[in-house]
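# Structural features, examined
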Amino acid sequence: MRVLRQAFPIAMMLALPTLRHPLWHFTLSIIPASYFLIFTLMGGPELGRQALLGALVVFAVNAGIVSLPQLIVGLRYRRMQEMFVASPIGPVPYALGTAISRLLYVLPLIVLVLALLVLTGLPVGKLPPILAVLSVTWLIGSMLGFTVATYVRNPMHISAVSNLLGLLLTLIPPVYYPLSLVPKSVQWLALLVPTTHAAQLVRIYVGAVRVKAGSLALSWAVLGAYAALFLLLVATRARWDEP
């Protein structure tokens with residue numbers, strides 16, 4: 001609880017400026033909306049719906065892996081991070097606070113997609129497990145993004161690095177499209193990526209795919225392992241207090 005008490009003031013301080021500018025939300029939605037349109041035109045409404053489900057995962061993970069590193073490096077460049085380093089908080093509350101600020105940033109878009117899914121037939125009772133998946137996905141992306149940001153010091157470089165990581169985690173793996181479209185001979189490669197499991201879990205809970213017994217537990221186990229690993233990275237390897 002102490003970690004959360006330290007993290008939330010940081011989150012609100014950093015989130016409010018971006019929440020006051022709705023144009024940023026429009027910019028964030030362009031790529032997912034484009035995939036939804038293209039997949040619908042090429043594969044029909046069902047494939048378009050798959051892209052919409054993938055967009056939920058994309059918003060959650062990119063809040064951490066794309067937006068967060070750029071925020072962290074920006075704070076360091078403006079020497080605001082020194083204020084947090086000099087305070088009694090440690091790297092985990094600081095990472096969590098900055099990460100929550102990025103989650104608040106994309107939350108309106110996640111709510112919009114979920115509302116569209118509910119209006120098109122998704123039972124409200126399916127929302128809690130989907131939100132749980134998105135929360136763990138956001139945590140994975142945020143802890144990885146925070147650690148990367150403490151190693152990339154140049155503001156000009158962090159944008160390229162974070163956007164590349166975002167592309168590798170969302171555009172190449174089966175996130176916008178179902179895992180079944182990947183050739184079986186290389187599906188094992190896709191299953192090494194945490195966002196594959198996140199998207200698969202969302203599709204399972206929505207009822208968009210049918211899987212073998214044990215697949216649900218396996219995907220949760222993989223997400224949990226990645227979350228624990230990246231939390232450990234923040235606690236032990238993040239160089240947040242270096243100038």
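See the structure printed just above.
Here goes a summary of the coordinates provided.

Cut-offs applied
Residues numbered from 1 in each chain as written. Predicted model: local features only at pLDDT ≥ 70, side-chain atom pairs only at ≥ 80, totals over all residues. Heavy atoms only, no water. 1 Å grid on protein atoms, 1.4 Å probe; cavity = no way out; pocket = protein on both sides within 12 Å on 5 of 7 lines; lining within 4 Å. Points joined across faces, edges and corners; volume = space filled by probe spheres on them. Helix = DSSP H or I, 4+ residues; strand = E, 2+ residues; numbered from the N terminus. Nonpolar A, V, L, I, M, F, W, Y, C, P; charged D, E, K, R; others polar. Core = buried A, V, L, I, M, F, W, Y, C linked by side-chain atoms within 4.5 Å. Buried < 20%, exposed > 50% of the residue type's maximum accessible area, 1.4 Å probe, protein only. Expected span 1.5 Å × (residues − 1). Phe/Tyr/Trp six-rings, centres within 6.5 Å; stacked < 30°, edge-to-face > 60°.

### Considering empty space enclosed by the protein
By the definition in use, this model includes 1 cavity of 30 Å³ or more. Estimates place the volume of the largest cavity at around 30 Å³. In terms of lining, the largest cavity is formed by Val61, Thr137, Ile140, Leu169, Pro194 and Thr195. Those elements that provide at least two residues to the lining of the largest cavity are α6 (127-151) and α9 (194-206). Residues belonging to the lining of the largest cavity are distributed by class as follows: 4 nonpolar, 2 polar and no charged.

### Things to note about the nonpolar core
In this structure, Leu56, Tyr94, Leu117, Ile130, Leu134, Trp138 and Val202 are the most contacted members of the largest nonpolar core, which totals 66 residues. Elements with a minimum of two residues in this core: α1 (2-19), α3 (45-77), α5 (91-119), α6, α7 (155-170), α9 and α10 (215-236). When residues of this core are assigned to their parent elements, the largest contribution, 18 residues, is made by α3.

### What about the layout of surface pockets?
Take a probe with the size of a water molecule and roll it over the atoms, and the empty space left behind shows itself. In this model, the second largest pocket occupies a volume close to 400 Å³. Lining the second largest pocket are 15 residues, and of these Leu179, Gln187, Gln200, Val211 and Ser215 lie nearest its centre. Secondary structure elements with two or more residues in the lining of the second largest pocket: α9 and α10. The greatest single-element share of the lining of the second largest pocket, amounting to 3 residues, is contributed by α10. Residue composition of the lining of the second largest pocket, grouped by class: 6 nonpolar, 6 polar and 3 charged.

### Description of α6
Spanning 25 residues, α6 covers 36 Å between terminal C-alpha atoms, matching the ideal 36 Å at 1.5 Å per step. Most of α6 is tucked away: 18 of the 25 residues are buried.

### Structural notes on the packing of aromatic side chains
Within this structure, the stated rule accounts for 1 aromatic pair. Geometrically, the ring pair formed by Tyr226 and Phe230 is tilted, given 5.8 Å between the ring centres and 40° between the ring planes. Pair noted here: Tyr226 and Phe230 are both in helix α10, with a separation of 4 residues, about one helical turn. Assessed through its relative accessible area of 23%, Tyr226 is described here as partly exposed.

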